[in-house]
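Spelled out from the first residue to the last, the chains are:
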Amino acid sequence: MDVVDARIERILRAAGDAPSVLNTQPWQVAVTGSGLTLRADPSRRLRHNDPQGREMFISCGAFLFNARAAARRESLTAVVTVLPDPEDELLVAEVVLEPGGDPSADELELSLAIEHRATSRTPFDDRPLPGDVLAVIQRAAHSEGASLRTIQPADPSRAEVIGLMRRAEAIAAEDMAGRGEEAAWTTGWPGRDDGIPAHLLGRAPSNPDAPVRRFPASVGREQFERSSTLAVLSTSGDSPREWIAAGQALEHALLAATTHFVHASFATTVLENPTTRHDLRKALSLGGFPQMLMRLGNSPRPTSAPRRASVLRDAAPRRAE
């Protein structure tokens with residue numbers, strides 16, 4: 001499909017830089033004039049580890065926030081209607097791009113952060129983030145309707161949270177179907193434009209209290225920091241609408257973090273297991289539902305994972321069957 005307006009091409013390119021579970025990039029977009037229709041791509045869902053599509057919709061929400069931020073860089077305003085619909089379960093949102101004023105300094109800084117944000121699976125500086133930086137990140141998440149609960153090194157719940165991470169990983173290691181699905185997205189080859197290449201998985205942590213996810217495909221071991229900041233993003237509800245909101249909140253928070261040279265990595269295994277997800281909610285006394293667990297800290301700028309060149313599909317989306 002031809003996209004007449006080069007601005008829309010730039011917006012979609014920036015939106016496609018959003019984080020997604022195992023870099024599956026489970027989104028597709030139809031463009032009609034100045035309108036975009038965002039849909040989830042079920043062929044890219046983790047069918048075993050994400051049977052409800054929660055992580056798929058979070059990923060699409062991150063794409064949606066990037067589109068909003070990139071539109072402002074183009075002096076456009078994205079008018080968004082979030083549309084999860086029981087009759088069209090893959091529909092995420094409709095976006096109309098309208099003329100807007102010049103971006104503010106904050107909007108421009110946030111949009112520029114898109115090209116610098118990348119997941120870092122290497123050791124961070126062994127210290128927690130300062131309170132003023134965390135406040136900026138938390139406000140960004142809150143502005144999208146989510147909460148960000150931090151877990152600093154002195155937090156009494158921290159050991160229990162890391163223990164739940166290790167427990168979930170041990171359970172997942174015995175699940176052959178789940179391991180095969182993860183392996184399919186962490187086994188790269190030259191020219192592949194999705195998944196996580198082996199060299200970006202990072203080495204496995206040699207210390208059991210490392211606040212970082214362990215990947216079976218990681219090669220080598222090294223000591224990770226013990227004192228970086230952990231954070232749990234949560235929403236008041238647990239439906240597709242809240243998952244999309246969680247994705248927008250996640251990306252807003254990550255871009256705000258990037259403007260302060262803060263990187264993140266994610267621990268999704270503990271949230272893919274219903275039991276450990278419940279136990280995590282209980283351990284932190286969360287009023288809402290945990291949608292993402294991440295570690296935040298300072299490290300050298302990581303290399304970005306590969307991205308698909310195009311996310312466009314036919315302009316007339318079909319109803320889900």
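It should be noted that the structure appears before, not after, this text.
An account of the accompanying structure is given in this report. Small disclaimer: the values here were computed from a predicted structure and weren't measured.

Conventions we followed
- Residues numbered from 1 in each chain as written.
- Predicted model: local features only at pLDDT ≥ 70, side-chain atom pairs only at ≥ 80, totals over all residues.
- Heavy atoms only, no water.
- Helix = DSSP H or I, 4+ residues; strand = E, 2+ residues; numbered from the N terminus.
- Rg over C-alpha atoms; globule rule 2.2 N^0.38 Å.
- Buried < 20%, exposed > 50% of the residue type's maximum accessible area, 1.4 Å probe, protein only.
- Contact = heavy atoms within 4.5 Å.
- Arc of directions from axis to C-beta.
- Polar contact = N/O pair within 3.5 Å; in protein donor to acceptor, adjacent residues only side chain to side chain.
- Axes fitted to C-alpha atoms, helices over the stretch in contact; angles between N-to-C directions.
- Parallel < 35°, antiparallel > 145°, perpendicular 65-115°, else oblique.
- Left-handed = near helix turned anticlockwise from the far one by under 90°.
- Nonpolar A, V, L, I, M, F, W, Y, C, P; charged D, E, K, R; others polar.

**Overview of the overall build of the protein chain**
- Along the protein chain, the regular secondary structure elements total 9 helices and 10 strands.
- For 321 residues, the compact-globule formula gives about 20 Å, and the C-alpha radius of gyration of the protein chain, at 19 Å, lands near that figure.
- Principal-axis analysis of the C-alpha atoms places the extent of the protein chain at approximately 55 × 45 × 40 Å.
- Per-residue burial over the protein chain gives 54% buried out of 321 residues.
- Within the protein chain, residue pairs in contact and separated by at least 24 positions form 74% of the contacts whose partners lie at least 6 positions apart.

**Observations concerning unusual backbone geometry**
- We note that Gln 25 has phi near 50 degrees; this positive angle belongs to a residue other than glycine.
- Within the secondary structure, Gln 25 sits in the loop between helix H1 (6-15) and strand S1 (27-32).
- Looking at Gln 25, the relative accessible area reads 1%, which means it is buried.
- Look at Ser 285: it is not a glycine, yet its phi comes out positive at around 55 degrees.
- Examined against the element boundaries, Ser 285 turns out to sit in the loop between helix H9 (274-283) and strand S10 (289-297).
- Overall, the relative accessible area of 63% leaves Ser 285 in the exposed class.

**A short note on helix H6 (residues 176-185)**
- Residues of H6 that are buried: Gly 178, Glu 181, Glu 182 and Trp 185. Considered in projection along H6, the buried side chains sweep an arc of 95 degrees and stay on one side of the axis.
- If you check the start of H6, you find a side-chain oxygen 3.2 Å away from the backbone N of Ala 177, and it comes from Asp 175.

**Notes on the packing of helix H4 (residues 131-142) against helix H7 (residues 240-258)**
- At their nearest, the axes of H4 and H7 sit 7 Å apart, and the two run at 155 degrees to each other. Compared by their axis directions, H4 and H7 come out roughly antiparallel. At the point where H4 passes H7, the crossing takes the right-handed sense. Contact with H4, carried on its side by Val 136, Ile 137, Ala 140 and Ala 141, involves Ala 249, His 252, Ala 253, Ala 256 and Ala 257 of H7 and no other residues of that element.
- Looking at the contact of H4 with H7 residue by residue, the classes come out as 8 nonpolar, 1 polar and no charged.

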